[in-house]
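Residues per chain, in single letters:
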Amino acid sequence: MSKQTLSFQAEVAQLLHLVTHSLYSNQEIFLRELVSNASDACDKLRFEALNNNALYEDAPNVEVRVTFDKAARTLTITDNGIGMSAQEAIDHLGTIAKSGTKDFMGKLSGDQKQDAQLIGQFGVGFYSGFIVADKITVESRRAGLKADEGVRWVSGGSGDFEVETITRPARGTSVILHLRDDAEEYLNAWKLKQVIAKYSDHISLPILMEKEEWKDGELINPNDENGGRQPGGMVKTGEWETINKASALWTRPKKDITDEQYAEFYKTISHDHEAPLTWAHNRVEGNTEYTQLLYIPAKASFDLWNRDKKAGVKLYVKRVFIMDDAEALMPSYLRFVKGVIDSADLPLNVSRELLQESRDVRAIREGSTKRVLSMLEDLAKHDRHDTTQNADGVTDVVDADDKAKEGKYTAFYSEFGAVLKEGLGEDFGNRERLAKLLRFASTSSDTLTVGFADYKARMKEGQEAIYYITADTLAAAKNSPQLEVFKKKGIEVLLMTDRVDEWALNYLHDFDGTPLQSVAKGAVDLGKLQDEAEKKAAEEAAEAFKPVLAKLKEALKDKAEDVRVTSRLVDSPACLVVQDDGMSTQLARMLKQAGQ
Ligand code: ADP
Ligand code: MG
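Residues numbered from 1 in each chain as written. Chains lettered and ligands numbered in written order. Predicted model: local features only at pLDDT ≥ 70, side-chain atom pairs only at ≥ 80, totals over all residues. Heavy atoms only, no water.

A. Examining the pairing of strand E12 (residues 312-317) more closely. Within E12, six of the six residues are buried, which leaves it mostly tucked inside the rest of the structure. Alternating residues of E12 divide into Gly312, Lys314 and Tyr316 and Val313, Leu315 and Val317, and every residue in both groups is buried. Sheet topology places E12 next to strand E14 (residues 338-343); six bridges connect them, and they run parallel. Following the sheet pairing, Tyr316 is matched in E14 by Asp342. Counted along the chain from E12 to the antiparallel partner strand E13 (residues 320-323), the turn is two residues long, and its residue Lys318 has a positive phi close to 45°. (Buried < 20%, exposed > 50% of the residue type's maximum accessible area, 1.4 Å probe, protein only. Helix = DSSP H or I, 4+ residues; strand = E, 2+ residues; numbered from the N terminus. Pairing = 2+ DSSP bridges.)

B. Highlighting the confidence of the model for the chain. Mean pLDDT for the chain: 84, with 84% of residues reaching 70 or above. Interface predicted TM-score (ipTM) for the complex: 0.99; the corresponding pTM is 0.68. (pLDDT = per-residue confidence, 0-100.)

C. The arrangement of unusual backbone geometry in detail. Here Arg73, not a glycine, exhibits a phi torsion of approximately 60°, which is positive. Turning to its location among the elements, Arg73 is positioned in the loop between strand E2 (64-69) and strand E3 (74-79). Using a relative accessible area of 22% as the deciding quantity, one classes Arg73 as partly exposed. A positive phi angle, near 50°, is found at Asp512, a position not held by glycine. Structurally, Asp512 is set in the loop between strand E19 (510-511) and strand E20 (514-518).

D. View of the environment of Arg359. Residue position: Arg359 is located in helix H9 (residues 359-381). When its relative accessible area of 70% is taken as the criterion, Arg359 is described as exposed. Taking the C-alpha atoms as reference points, Arg359 and Leu346, 13 residues apart in sequence, are found 9.8 Å from one another.

E. Broad picture of helix H11 (residues 408-426). With 19 residues, H11 extends 25 Å between its outermost C-alpha atoms, agreeing within 8% with the 27 Å of an ideal straight helix rising 1.5 Å per residue. Remark: the principal bend of H11, roughly 70°, maps to Phe416. (Expected span 1.5 Å × (residues − 1). Bend = angle between axes of the 7 residues up to and from the residue.)

F. Structural context of the environment of Phe126. For Phe126, the location among the structural elements is in the loop between helix H5 (112-122) and strand E4 (133-141). In this structure the C-alpha to C-alpha distance between Phe126 and Val35, which are 91 residues apart in sequence, comes to 9.7 Å. In this view, Phe126 contacts Leu34, Asn37, Leu93, Ile136, Val138, Trp153 and Val175; residues no more than four positions away in its chain are not counted. (Contact = heavy atoms within 4.5 Å.)

G. Looking closely at the site of ligand 1. In the neighbourhood of ligand 1, twelve residues make up the surrounding shell, with Asn37, Asp79, His92, Gly125 and Phe126 lying closest. Asn37 is positioned such that a nitrogen or oxygen atom in its side chain is 2.8 Å from an oxygen atom of ligand 1. One of the side-chain N or O atoms of Asp79 is found 2.9 Å from a nitrogen atom in ligand 1. Per-element tally for the shell around ligand 1: the top contributor is helix H2 (residues 29-49), with three residues. Here the residues of the shell around ligand 1 sort into five nonpolar, four polar and three charged. (Near = heavy atom within 4 Å. Polar contact = N/O pair within 3.5 Å; in protein donor to acceptor, adjacent residues only side chain to side chain. Nonpolar A, V, L, I, M, F, W, Y, C, P; charged D, E, K, R; others polar.)

H. Structural context of the sheet that holds strand E5 (residues 150-155). The mixed open sheet is built from nine strands, whose spatial order is E1-E6-E5-E4-E7-E3-E2-E8-E9. Each having just a single partner strand, strand E1 (4-7) and strand E9 (233-242) make up the two edges of the open sheet. With direction set aside, neighbouring strand axes in the sheet form an average angle of 25°. Direction of pairing for E4 relative to strand E7 (residues 172-179): antiparallel, over a ladder of eight bridges. (Axes fitted to C-alpha atoms, helices over the stretch in contact; angles between N-to-C directions.)

I. Just the packing of aromatic side chains, in detail. For the structure on display, the rule yields 23 aromatic pairs. A centroid spacing of 6.5 Å and a plane angle of 85° characterise the contact between Phe8 and Tyr127, whose relative ring orientation is edge-to-face. Here Tyr127 lies in the loop between H5 and E4 and Phe8 lies in the loop between E1 and helix H1 (10-22), a separation of 119 residues in the sequence. With centroids separated by 6.0 Å and ring planes inclined at 45°, the aromatic side chains of Tyr409 and Tyr413 adopt a geometry described as tilted. Placement of both Tyr409 and Tyr413 in helix H11 is noted, with a separation of four residues, approximately one turn of the helix. The exposure class assigned to Tyr409 is buried, which follows from its relative accessible area of 1%. With relative accessibility at 3%, the residue Tyr413 sits in the buried group. Taken together through their ring pairs, the aromatic side chains of Trp250, Tyr262, Phe265, Tyr266, Trp279, Tyr295 and Tyr316 make up a single cluster. Here the guanidinium or amino end of Arg65 rests over the ring plane of Trp240, the centre of that ring lying 4.4 Å away. (Phe/Tyr/Trp six-rings, centres within 6.5 Å; stacked < 30°, edge-to-face > 60°. Lys NZ or Arg CZ within 6 Å of the ring centre and 35° of its normal.)

J. View of the side chain of Asp272. Relative to the elements of secondary structure, Asp272 occurs in the loop between helix H7 (259-270) and strand E10 (278-284). Polar contacts involving the side chain of Asp272 include one to the side chain of Tyr266, which spans 2.8 Å. For Asp272, the side chain forms a polar contact with the main-chain nitrogen of Glu274, separated by 3.0 Å. When residues no more than four places from it in sequence are discounted, the contact partners of Asp272 are Tyr266, Lys267, Pro297 and Lys299.

K. Representation of a nonpolar patch on the surface. A surface patch of nonpolar side chains, amounting to about 380 Å² of accessible area, comprises Phe545, Val548, Leu552, Leu556 and Val565. Relative to the elements of secondary structure, Val565 occurs in the loop between helix H18 (546-555) and helix H19 (585-593). Note on Val565: relative accessible area 32%, which makes it partly exposed. (Patch = residues over 30% accessible without salt bridge, like charges linked within 9 Å, V, L, I, M, F, W, Y side chains within 5 Å. Areas by Shrake-Rupley, 256 points an atom, 1.4 Å probe, with all protein chains shown as cover. Salt bridge = Lys/Arg side-chain N within 4 Å of Asp/Glu carboxyl O.)

L. Structural view of the sheet that holds E12. Reading across from one edge, E10-E11-E14-E12-E13 is the order of the five strands in this open sheet, with mixed pairing throughout. Looking at strand neighbours, the two that pair on one side only are E10 and E13, the edges of this open sheet. For this sheet the average axis-to-axis angle between neighbouring strands, irrespective of direction, equals 20°. Two strands pair when backbone bridges link them, and strand E11 (residues 290-296) and E14 are joined in this way by six bridges, in the antiparallel orientation. Residue pairing for E14: Tyr290 is matched across the bridge by Ser343. Contacting E10, E11, E12 and E14, H7 runs over the sheet at an angle of about 85° to E11. Packed onto the sheet, H9 meets E10, E11 and E14 and runs at close to 40° relative to E11.

Written out as structure tokens, the structure is:
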């Protein structure tokens with residue numbers, strides 16, 4: 001293929017503009033992205049080579065080399081991974097194939113700071129090179145192709161890029177960054193090592209740099225020892241050294257990993273700028289052996305509600321990367337969880353189809369689900385420290401660890417509570433544990449902090465049900481006439497305003513033996529909460545109003561199934577309710593909206 005000039009897909013051009021303008025304050029991440037691409041490329045090679053050993057050609061060891069050339073002002077990241085064919089370079093470096101791109105573009109606000117965060121989440125990857133470079137040259141050859149089937153891709157990061165065929169004996173890819181004037185600091189081994197240590201220490205393959213040593217400047221005038229010497233400098237020695245730890249983070253013992261390292265690793269795999277809320281790192285032994293490193297993010301990613309949003313857990317088998325987004329490893333209602341699972345038992349050539357059927361995978365999924373639930377339970381337990389006195393009146397010692405967990409569950413819940421609720425319908429085995437983790441607003445709390453257990457502890461003498469109401473908004477729920485009698489009697493009612501509430505509650509009829517009852521359904525039976533006099537008054541009223549009811553029923557016969565005298569209203573003259581077994585008004589509205 002002779003040289004040709006092609007245009008970036010419109011979204012790429014837009015993205016490039018954003019990248020160079022809004023990620024400026026966080027320049028150094030370009031190195032993390034490029035090293036991570038190099039590492040991905042090596043993972044892909046190892047994976048493809050499982051079935052085709054010839055792909056290794058004569059270089060079975062995969063590695064990444066980082067070099068720079070001061071005079072030419074270039075920084076180069078070279079890997080001997082899978083490489084790209086010319087078509088792949090055009091496709092992968094000229095378009096964004098990822099689903100959700102449109103969504104992502106739509107979310108951009110024009111506010112640089114906010115957008116920078118989103119871009120980070122989205123993972124612009126390769127294009128981040130343009131933060132520091134005004135030109136990028138990529139030279140690559142795909143493993144298995146002939147030496148003369150290499151490709152050179154060059155772009156200045158605006159509208160278009162050039163591609164041409166080249167000869168490249170070495171398999172893999174070099175990304176050559178032609179640095180901008182203000183990015184000169186990356187022409188320095190010390191700086192590069194520092195950034196790589198920060199972001200890429202955990203990368204499981206070696207990252208190499210050429211060793212340098214100090215060399216005095218040459219003596220120009222031997223008679224003048226000080227004045228006649230050229231300035232000295234660092235010179236390359238031709239010897240290479242590994243500058244990262246090169247062992248996958250999750251394979252190291254917990255005690256050797258700092259919180260910062262855990263957080264950095266999280267940022268690399270999640271593309272999140274923020275540190276995670278919490279994580280769990282465990283080696284599970286027994287019938288099925290695996291290591292899990294699971295994180296709960298602090299913020300929901302922009303695509304959490306995408307229909308095709310995949311789980312965020314990567315699958316490794318004996319440290320070999322197998323696949324991203326392994327949905328079989330985590331139920332859909334925990335799709336916000338990020339992390340790595342490394343199995344010792346699965347075959348290396350496991351496919352997505354096989355995963356669905358594997359008994360080991362089922363065990364991993366169950367174990368990981370339980371692990372996430374216990375992380376959440378732990379956060380929930382330490383969410384509030386207003387009760388530092390336990391039942392015996394002894395004040396608990398609050399240690400720093402516990403203290404650090406304060407408020408985290410509330411934060412978690414406001415981001416992910418609605419997703420968690422899906423679990424009621426999806427994961428019957430853990431339904432009770434999930435129910436305990438749910439939080440709602442109520443007539444005594446505007447924030448999502450009331451759990452069923454809190455509610456039960458506050459129930460009135462004689463109260464036999466957990467009362468709730470569903471509505472579109474908190475204001476609508478709070479002002480519903482259906483709450484009047486509850487307010488008058490001082491009975492707390494849970495206010496549910498999530499779209500999924502109605503659906504989710506179909507799967508939860510009681511909590512710990514106490515039935516859940518909608519205040520908007522059927523005749524509200526307040527049971528023992530109503531005294532004899534009230535019951536009598538209600539019966540008498542029902543009797544007295546019989547003729548009126550008959551007339552109303554006749555008048556509304558196409559619209560209302562029944563018209564009843566009620567004791568649920570105090571101030572309002574009338575309200576709508578649904579039959580006990582009927583669909584709630586909320587659910588009916590939802591289905592109508594969905595076109596059913
Ligand atoms: P991501 O890594 O999330 O897929 P990037 O923008 O970082 O997104 O990279 C885009 C694509 O370009 C990659 O998916 C890959 O196909 C290709 N690519 C980038 N760098 C390399 C590399 N060093 N070797 C092979 N392919 C690469
Ligand atoms: Mg990438």
